[in-house]
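Residues per chain are reported as follows:
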Amino acid sequence: MAATERPTRRSMGDRLYDAIFSNRVWRSIFRSGYPNTPRNQMLAVATNVFLHLHPTRIHRTHVKITHTFCLGGLSFFLFLGLTISGVLLMFYYVPSVERAYEDILRLDTDVRFGQLMRNMHRWMAHGMVLTVLMHMMRVFYTGAYKPPREFNWVVGVVLLVLTLLLSFTGYLLPWDQLALWAITVGTNMVGSAPLLGEPNRFVLVGGFQVGQNALIRFYTLHVIGLPLMAAVFMTVHFWRIRRDGGLAKPL
Amino acid sequence: MTTANPAEAQSAAVRGRARRQREEELLVWPDLVFIEFISAVVFTVLLVGLAVTVDAILLDRANPAVTPNPSKAPWYFLNLQELLLHMHPALAGVVVPTIALIALGAIPYWDTDNEGQGEWLSGPRDWLNVGVGAAVASIGTLMLILFDDGMHAKIYESLTGSKFPISWLVNMREFQKNFPLWPTCTPETLKDGSCALGPLEWAKSIPLGKVLRTDLLGLPALDLNVNIPAVLVEQIIPVTMMVGLPILLSLVAYKRGIAQTKREHMILQFSGFIAVYVTLTIVGTYFRGQGLALGPYTIFAHQ
Ligand code: HEM
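What you see is a predicted model; the values in this text were computed from it and never measured. (Residues numbered from 1 in each chain as written. Chains lettered and ligands numbered in written order. Predicted model: local features only at pLDDT ≥ 70, side-chain atom pairs only at ≥ 80, totals over all residues. Heavy atoms only, no water.)

**Student:** Which parts of the structure should I look at to understand the overall build of chain A?
**Tutor:** Each helix and strand in chain A was counted, giving 11 helices and 1 strand. Along chain A, helices and strands appear, N-terminal first, in the series α-α-α-β-α-α-α-α-α-α-α-α. Taking 18 Å as the expected radius of gyration for a compact globule of 251 residues, we find that chain A reaches 23 Å, considerably beyond that expectation. C-alpha extents for chain A along the principal axes are approximately 70 × 50 × 30 Å. By residue count, 52% of the 251 residues in chain A fall in the buried class. Relative to all contacts within chain A whose residues are 6 or more apart in sequence, the contacts with residues 24 or more apart total 62%. Surface exposure of chain A reaches about 12700 Å², of which carbon and sulfur atoms provide 69%. Measuring between centres, the 25 positive side-chain charges of chain A sit 16 Å from its 12 negative side-chain charges. (Helix = DSSP H or I, 4+ residues; strand = E, 2+ residues; numbered from the N terminus. Rg over C-alpha atoms; globule rule 2.2 N^0.38 Å. Buried < 20%, exposed > 50% of the residue type's maximum accessible area, 1.4 Å probe, protein only. Contact = heavy atoms within 4.5 Å. Areas by Shrake-Rupley, 256 points an atom, 1.4 Å probe, with all protein chains shown as cover. Lys, Arg positive; Asp, Glu negative; His and termini not counted. Charge placed at Lys NZ, Arg CZ, Asp CG, Glu CD.)

**Student:** Help me understand the coordination of the iron atom of the ligand in this model?
**Tutor:** Metal coordination angles in their ideal form are 109.5 degrees for the four-donor tetrahedron and 90 or 180 degrees for the six-donor octahedron. Donor atoms from the polypeptide that coordinate the iron atom of the ligand comprise A:H135 (NE2) and A:H237 (NE2), at 2.0 to 2.1 Å from the metal. For A:H135, a relative accessible area of 18% translates into the label buried. (Donors = N, O, S within 2.8 Å, 3.2 Å for Na, K, Ca; no water.)

**Student:** What exactly am I supposed to notice about the domain arrangement of chain B here?
**Tutor:** One frequent convention defines the size of an interface as the accessible area lost when the parts assemble. Residues and elements named next belong to chain B. Assigned domains of chain B: these are domain 1 (70-107 + 122-164 + 227-303) and domain 2 (165-226). At the junction of domain 1 and domain 2, the tally comes to 0 salt bridges. Where domain 1 packs against domain 2, one counts 3 residue pairs in polar contact (both at pLDDT 80 or more). Among the secondary structure elements, those contributing two or more residues to the side of domain 1 that touches domain 2 are α6 (126-148), α7 (151-160) and α10 (228-255). Tallying contributions element by element places α10 first for the side of domain 1 that touches domain 2, with 8 residues. (Domains from an automatic or database assignment. Salt bridge = Lys/Arg side-chain N within 4 Å of Asp/Glu carboxyl O. Polar contact = N/O pair within 3.5 Å; in protein donor to acceptor, adjacent residues only side chain to side chain.)

**Student:** I would appreciate a short explanation of the site of the ligand in the present structure.
**Tutor:** All names here are of chain A. Contacts to the ligand come from 25 residues, most closely from H135, R138, G156, H237 and A248. In the model, an oxygen atom of the ligand is placed 3.3 Å from a nitrogen or oxygen of the G72 main chain. At 2.8 Å from an oxygen atom of the ligand is found a main-chain nitrogen or oxygen belonging to A248. Counting residues per element, the ones that place at least two in the shell around the ligand are α5 (71-90), α7 (114-141), α8 (150-172) and α11 (212-243). Of the residues that constitute the shell around the ligand, the class distribution is 15 nonpolar, 8 polar and 2 charged. (Near = heavy atom within 4 Å. Nonpolar A, V, L, I, M, F, W, Y, C, P; charged D, E, K, R; others polar.)

**Student:** Is there a simple way to explain the interface of chain B and chain A in this structure?
**Tutor:** Chain B puts 81 residues into the contact, and the matching count from chain A is 86 residues. The contact between chain B and chain A buries some 7700 Å² in all, and 71% of this surface belongs to carbon and sulfur atoms. Summed over the three residues of chain B that lose the most area to chain A, namely B:W29, B:R61 and B:W120, the buried surface amounts to 10% of that side. At the junction of chain B with chain A, the criterion picks out 2 salt bridges. Here A:E102 ties to B:R61 by a salt bridge, and the two come within 3.3 Å at their closest N and O atoms. One can count 38 residue pairs in polar contact (both at pLDDT 80 or more) joining chain B with chain A. Among the secondary structure elements, those contributing two or more residues to the side of chain B that touches chain A are α2 (12-23), β1 (25-27), α3 (28-53), α4 (78-84), α5 (89-110) and α11 (262-286) of chain B. (Buried area = accessible area lost by both parts, 1.4 Å probe.)

**Student:** Just to check I follow, could you spell out the confidence of the model for chain B for this structure?
**Tutor:** Do not read the predicted coordinates in detail wherever pLDDT is low. In the predicted model, chain B carries a mean pLDDT of 84, and 83% of its residues have values of at least 70. Confidence metrics for the complex model read pTM 0.88 and ipTM 0.87. (pLDDT = per-residue confidence, 0-100.)

**Student:** Whenever I open this one, the packing of aromatic side chains confuses me. Can you help?
**Tutor:** For any pair of aromatic rings, the description consists of the separation of the ring centres together with the inter-plane angle of the planes. Residues and elements named next belong to chain A. Using the criterion set out here, one finds 19 aromatic pairs over all chains in the structure. Judged by centre distance (4.7 Å) and plane angle (45°), the rings of F21 and Y34 are tilted. Linking F21 in helix α1 (residues 14-21) with Y34 in the loop between α2 (24-30) and α3 (38-46), this pair joins segments that are 13 residues apart in sequence. One aromatic cluster in this structure is built from Y17, F21, W26, F30 and Y34. (Phe/Tyr/Trp six-rings, centres within 6.5 Å; stacked < 30°, edge-to-face > 60°.)

**Student:** Mind showing me how you'd approach the packing of α6(B) against α11(B) here?
**Tutor:** Helix-helix packing is characterised by the crossing angle of the two axes and by the distance between the axes. Residues and elements named next belong to chain B. Contact geometry of α6 with α11 gives a least axis separation of 7 Å together with a crossing angle of 35°. The hand of the α6/α11 crossing is right-handed. Two secondary-structure elements touch here, α6 through D126, N129, V130, V132, G133, A134, A137, S138, T141, L142 and I145 and α11 through E264, I267, L268, S271, G272, A275, V276, T279, L280 and V283. Across the contact of α6 with α11, the residue classes break down as 12 nonpolar, 7 polar and 2 charged. (Axes fitted to C-alpha atoms, helices over the stretch in contact; angles between N-to-C directions. Left-handed = near helix turned anticlockwise from the far one by under 90°.)

**Student:** Honestly, the side chain of A:H135 in this entry has me stumped. Any pointers?
**Tutor:** Of note, A:H135 is situated in helix α7. Not counting residues within four places of it along the chain, the set of residues in contact with A:H135 comprises A:L71, A:G72, A:S75 and A:H237.

**Student:** Can you help me understand the domain arrangement of chain A in this one?
**Tutor:** You can read the domains of chain A as domain 1 (23-52) and domain 2 (69-243). Each of domain 1 of chain A and domain 2 of chain A was reduced to a C-alpha centroid, and the two centroids are 36 Å apart.

**Student:** Would you explain empty space enclosed by the protein in this entry?
**Tutor:** In this approach the atoms are scanned with a rolling probe the size of a water molecule, which exposes any empty space left behind. Overall, the coordinates contain 2 cavities of 30 Å³ or more when judged by the stated rule. As a volume, the largest cavity reaches approximately 40 Å³. Ranked by residue count, the leading element in the lining of the largest cavity is α4(B), at 3 residues. Here the lining of the largest cavity is built from residues that sort into 3 nonpolar, 2 polar and 3 charged. For the second largest cavity, the calculated volume is near 30 Å³. Every residue lining the second largest cavity is listed: A:R118, A:R122, A:Y171, A:P174, A:D176, A:L178, A:A179, B:I57 and B:L58. (1 Å grid on protein atoms, 1.4 Å probe; cavity = no way out; pocket = protein on both sides within 12 Å on 5 of 7 lines; lining within 4 Å. Points joined across faces, edges and corners; volume = space filled by probe spheres on them.)

**Student:** Looking at this model, I keep getting lost on the nonpolar core. Mind explaining?
**Tutor:** A general feature of soluble globular proteins is that nonpolar side chains tend to end up buried together. The biggest cluster of nonpolar side chains holds 79 residues, and the ones touching the most others in it are A:F140, A:W153, A:L172, A:W175 and B:F270. Tallying contributions element by element places α8(A) first for this core, with 11 residues. Setting aside chain neighbours within four positions, we find A:W175 in contact with A:V97, A:A100, A:Y101, A:L180, A:V210, A:G211, A:L215, B:R61 and B:A62. Core analysis: the second largest hydrophobic core is formed by 11 residues, A:V45, A:L51, A:C70 and B:V33 among them. (Core = buried A, V, L, I, M, F, W, Y, C linked by side-chain atoms within 4.5 Å.)

**Student:** When you look at the side chain of A:S96 in this model, what are you seeing that I'm missing?
**Tutor:** With respect to the helices and strands, A:S96 occurs in the loop between α5 and α6 (100-109). For A:S96, the contacting residues outside a window of four places in its chain are A:Q212 and A:L215.

Dropping the structure here:
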């Protein structure tokens, strides 16, 4: 692949092409031209904050779907989707024991696309737990936790815990029988720890019973505390993938 | 590729290697970005399809006065809830998951040899270890669950029509009730020769009481009254199983030449762990009904 500065395609659309990709507005946003030369393709990745999560080149086995099954990427995709649908749900939901259940009911019946939004959020949440678990399995079975990636595996384990906690805190919010009792069962498990269990449970639930205090705690953790932590750890996770030389490759 | 030492970078060997690596590489744009874009589109479509066709569940309004039977944790914790049925709650709810997570995080610090990375199960016996680990662990877990449910006794009873002869081997609860088996003789039973084996009542409450004054530290008081049969059944036996069986598996696999290297033992144990996790989750989700008794169950029974 010889790097040429000129577009490889010289067609009748040249003028249109120049008008779109060489004008001052385009250049002010993207710096490089349309990514149709190797140089511009690399610049497109290197100069874009989002694409810059990637290196500009990767090993050829890593683009094979069967190497990663896209599972890490899918987990991240679902995290983003959950953030978006979650923000939309926040417009309609008030975390109080008087209103929460009615808000969810109204979402399902009165709000346009409300049910769809809630369904999306729910299925993506279940999906993310699954994809993160499967991503962990893929990393394990490809031996990708080995040096120098030990620490990124640990970061991954933290992300797994955060994912489970995100899902668990969200479980309470609809304030139906399923929510209340699942969280009661779950927090009772915490309470069963010797010595510190009961105090921990008390802090988590904000009382002896799952009620308003628990709801507001879970809500706050669910919409801001845990997502922020997850975002921080994901930043470290992605940064480390690059620092560790991209994905693991055979020696 | 940037190399730290410029002199080294000059060497022909390094340049040769760099060139070879270059040839193995693709550009992220378009090769990877394209795949990412397509899978984002595909999964968006799939998710919208799912969300349009299947509604998220919503039961009756939360009511602290009405406990549903069964009450279940979210599905990814049902493995722990299943464990809860077989051992001390502190063990199942806190100790086991904590240790499991620490062990998971410690994998790379155990298996430090970087042979075999970057490829799916590249060793000659890797797949074998996946199969053996998963099969042994899932079947073993199922057998333990069925034993604790007294399946052997039920089968015996349905075949012979009479009660299972060894009552304390029906399940762990029976075992606990009858433990320790000890000649429980009173002067009368001694005299008429009917002195039988039975549980020792005093072993069920050894009053160590408040030896550790944790309450002085502002923590909850620690009650150390020991119930020996309960400790045995709820803690000692489960821990022995959870630690012993994996070790036994590795030992047998080692002796039979299935797992030799550290990586192979890792694969064996990790596959076993996943299999246990999945088995417990499936049993906890679909096979625990009213009173968490063993039997088919779906959440939709609620509605
Ligand atoms: C919220 C959860 C997570 C997200 C969003 C995430 C995201 C990613 C992404 C996008 C990659 C690039 C390769 C790929 O897609 O497979 C990756 C790689 C990696 N992940 Fe995760 N991950 C998460 C959780 C985990 C967990 C639970 C573990 C392990 C316990 C883990 C360990 C790793 C390691 C070691 C790599 C490098 C793989 C290699 O070099 O081939 N991650 N992660």
